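Chain by chain, the residues:
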Amino acid sequence: MLIFFVVVIICAITTGILLINRKTTANYGDNTPPRGSIDSLNLGQFSQEEQDQIKAISEFCGVRYVTPENIRNYAIHNIGQDFASMPGWDIWDISVHEAPGQYERLRRALDSKICVLSYDPKYQLAKIRGNTGVYLTSCKRCSCPDYHNRHLPCKHMYALAIELGGDVEKHIIDTENKPLYGLKIALAGRFAGSKDGSDGIRGKINSLGGIWEDTVSTYSSVLVCGNAPSEIKVSYAKNNDIEILQQEAILTIFVTDLETRK
């Protein structure tokens, strides 16, 4: 389960990574343990939960002395299993999580500055506040620069996976912000109403807290299509792996947030 993965990552940070320079005072004779390792047979300084995780890692890796590398491998194994168990998330093979830099993104996903503001199970999309903005995130993609540069799971995607805990039908409600808060919404095609934002879809996007644009770019959170959308815009969104939604979707996604507060 993903909650199990979270504990493993916390264990990696609080015990493995931070203890890499600790001095070993026990006498092991000629069998000197690896620098910064944790003796799975000598865990008195750890909580019961940490002990259980360290022992699990020890058994999985077939070692007595658990190193940060063992913890990394175990965490990657677990997140790979967790992704495979969730509908839609299984598009990412475990080898993806083994790619350079992915483990660091797993760790960054636990940063307190990263917050899953809302998740709509109907569209399986989330609104996530990161260090530098608000992003539209799913099991397939994220609107953040890191995802657009690498097209691999980013820290926001990992944070969403952890928050869902294996339940893709979980409903997460943002009680503090408007439904489209922080999202940059590019428009393509014809929509009812004026273009000045006073009525029609543009006015509705404004009222829901979003920012509408007539151009699409890698900074766009999503491309919304109306009647006869520009093939150039649609092609650009597809080629750059930008989320594409219809008008009804963008006006109803996350709206339960408002209904709940009434």
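Here, every reference points to the structure presented above.
Our subject in this report is the structure included herewith. (Residues numbered from 1 in each chain as written. Predicted model: local features only at pLDDT ≥ 70, side-chain atom pairs only at ≥ 80, totals over all residues. Heavy atoms only, no water.)

1. A word on helix α7 (residues 155-164)
Within α7, nine of the 10 residues are buried, leaving the element largely enclosed by the surrounding structure. When α7 is considered as a whole, its buried residues turn out to be K155, H156, M157, Y158, A159, L160, A161, I162 and L164. (Buried < 20%, exposed > 50% of the residue type's maximum accessible area, 1.4 Å probe, protein only. Helix = DSSP H or I, 4+ residues; strand = E, 2+ residues; numbered from the N terminus.)

2. Section: the side chain of Q51
Within the secondary structure, Q51 is located in helix α2 (residues 48-61). Polar contacts involving the side chain of Q51 include one to the main-chain carbonyl oxygen of F46, which spans 3.0 Å. In contact with Q51, not counting residues within four places along its chain, are L43, G44 and F46. (Polar contact = N/O pair within 3.5 Å; in protein donor to acceptor, adjacent residues only side chain to side chain. Contact = heavy atoms within 4.5 Å.)

3. Digging into the pairing of strand β3 (residues 115-120)
With five of six residues buried, β3 lies mostly within the body of the structure. One ladder, built from five bridges, connects β3 with strand β4 (residues 125-129); its direction is antiparallel. Looking at the pairing, C115 lines up with R129 of β4. Following β3, the chain reverses through four residues before pairing antiparallel with β4; Q124 in that reversal takes a positive phi of roughly 55°. (Pairing = 2+ DSSP bridges.)

4. Structural notes on the sheet that holds strand β8 (residues 222-225)
Overall, parallel pairing links the four strands, which are arranged β7-β6-β8-β9 in an open sheet. What marks the edges here is a single partner per strand, and that holds for β7 (211-213) and β9 (243-246). Sheet twist, expressed as the mean angle between neighbouring strand axes with direction ignored, is 30°. Bridge analysis of strand β6 (residues 184-188) against β7 gives three bridges, and the strand direction is parallel. When the bridges of β7 are listed, K184 appears paired with I211. Across the sheet, helix α9 (residues 231-239) is in contact with β6, β8 and β9; its angle to β8 comes to roughly 145°. (Axes fitted to C-alpha atoms, helices over the stretch in contact; angles between N-to-C directions.)

5. Some details on the sheet that holds β4
Strand order in the open sheet made by the three strands is β3-β4-β5, with antiparallel pairing throughout. Only two strands of the sheet have a single neighbouring strand rather than two, namely β3 and β5 (134-137). Strand after strand, the sheet turns through a mean of 20° between neighbouring axes, direction not considered. Helix-sheet contacts for α7 involve β3, β4 and β5, and the interaxial angle to β3 is about 70°.

6. Points about the side chain of S221
By secondary structure assignment, the location of S221 is in the loop between β7 and β8. Ignoring anything within four residues of it in the chain, the contact list for S221 reads L136, S143, L183, K184, I242 and E243.

7. Points about the packing of α2 against helix α3 (residues 68-85)
Remark: α2 packs on α3, axes separated minimally by 10 Å, with the N-to-C direction vectors making an angle of 90°. Considered as vectors, α2 and α3 are oriented roughly perpendicular to each other. Of the residues in α3, those touching α2 at A56, I57, F60 and C61 are N70, I71, N73, Y74 and H77. (Parallel < 35°, antiparallel > 145°, perpendicular 65-115°, else oblique.)

8. Points about the nonpolar core
Formed by 40 residues in total, the largest nonpolar core has its most connected members in F83, W89, Y119, C142, Y147 and L160. Contributions of two or more residues to this core are made by α2, α3, α5 (102-108), β3, β4 and α7. The leading source of residues in this core is α7, at seven residues. Excluding residues that lie within four positions of it along the chain, L160 makes contacts with W89, V116, Y119, A126, I128, T137 and S138. Core analysis: the next-biggest nonpolar cluster, separate from the first, contains 21 residues, L187, F191, I201 and V222 among them. (Core = buried A, V, L, I, M, F, W, Y, C linked by side-chain atoms within 4.5 Å.)

9. Topic: the packing of aromatic side chains
In this structure the tally under the stated criterion is three aromatic pairs. Residues F83 and W89 carry aromatic rings whose centres are separated by 5.1 Å and whose planes lie at 80° to one another, so their mutual orientation is edge-to-face. Per residue, the accessibility class of F83 equals that of W89, and both read buried. Aromatic rings pair up to connect F83, W89 and Y158 into one cluster. Directly above the aromatic system of F254 lies the positively charged group of K127, at a separation of 5.6 Å from the ring centroid. One residue, R202, lies across the ring of W212, its end atom 5.3 Å from the ring centre. (Phe/Tyr/Trp six-rings, centres within 6.5 Å; stacked < 30°, edge-to-face > 60°. Lys NZ or Arg CZ within 6 Å of the ring centre and 35° of its normal.)

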